[in-house]
Amino acid sequence: MDPPAVTDLTRTWALVPLRGLRDAKTRLAAELNPQERLELVATMARRTLAATRDAPGIRGTVLVTADPAAAALAERFGARTIVQRLPGLNAALREARSVAVAAGATAILILPIDLPAISPSTIGALLAAAAATPSAGGPLVLAVPDRRASGTNALLVSPPDAIEPA
């Protein structure tokens with residue numbers, strides 16, 4: 001019998017999925033031309049990667065993408081990159097999680113690149129609040145809803161395989 005899964009945030013890794021720099025934010029095509037969308041996505045990616053790199057409590061970042069330019073951008077921020085092999089967000093997250101676990105992750109924090117208030121301090125505050133949450137010693141799954149409570153802005157999971165991406 002396996003021992004029960006327990007919460008351990010001491011080696012939290014951030015997982016950042018990014019479909020691609022050029023093909024992101026297509027819903028903004030009526031407002032922004034392709035170059036403006038590219039610049040917006042690159043700016044958001046740089047901000048997110050800097051936040052995960054500098055956040056207290058984050059041991060590393062894995063960017064999963066099918067875009068070589070996005071991978072090169074992530075490497076400039078010290079992130080590990082993997083080229084997505086299987087289609088879909090959930091497959092990308094499973095691939096990124098396996099890299100983080102192989103690096104010793106005891107928890108994962110899934111973050112999209114388009115969070116307007118992302119910063120090292122907001123990530124640190126999230127991890128501190130999670131660490132201060134009483135638990136029964138079992139796994140932790142913490143979802144941070146968007147402002148409309150219709151989506152997820154962040155997902156913290158310990159151990160990393162406590163739930164499957166869905």
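Note that this is a predicted model, so its numbers are computed, not measured. (Residues numbered from 1 in each chain as written. Predicted model: local features only at pLDDT ≥ 70, side-chain atom pairs only at ≥ 80, totals over all residues. Heavy atoms only, no water.)

## What about helix α3 (residues 89-102)?
Along an α-helix, residues three or four apart share an orientation, since each turn contains 3.6 residues.
Here comes step 1: Over its 14 residues, α3 extends 20 Å from the first C-alpha to the last, a length consistent with the 20 Å expected when each residue adds 1.5 Å.
Here comes step 2: Along α3, the residues that are buried comprise Ala-91, Ala-92, Leu-93, Glu-95, Ala-96, Arg-97 and Ala-100.
Here comes step 3: Positive backbone phi, at 100°, marks Gly-104, one or two positions downstream of α3. (Helix = DSSP H or I, 4+ residues; strand = E, 2+ residues; numbered from the N terminus. Expected span 1.5 Å × (residues − 1). Buried < 20%, exposed > 50% of the residue type's maximum accessible area, 1.4 Å probe, protein only.)

## A word on the sheet that holds strand β4 (residues 107-110)
Here comes step 1: With mixed pairing, the six strands of this open sheet are ordered in space as β3-β2-β1-β4-β6-β5. Of all strands in the sheet, those bounded by a partner on one side alone are β3 (80-83) and β5 (140-145). Direction aside, neighbouring strands of the sheet carry axes that sit 20° apart on average.
Here comes step 2: Of the pairings in the sheet, the one linking β5 to strand β6 (residues 152-158) comprises six bridges and is antiparallel in character. Looking at β6, one finds that Ala-143 is bridged to Leu-155.
Here comes step 3: Helix α2 (residues 68-76) contacts β1 (12-18), β2 (58-65) and β3 of the sheet and is inclined by roughly 170° relative to β2.
Here comes step 4: The strands touched by α3 within the sheet are β1, β2, β3 and β4, with β1 carrying the most contacts at an inclination of about 145°. (Pairing = 2+ DSSP bridges. Axes fitted to C-alpha atoms, helices over the stretch in contact; angles between N-to-C directions. Contact = heavy atoms within 4.5 Å.)

Structural measurements only, silent on function.
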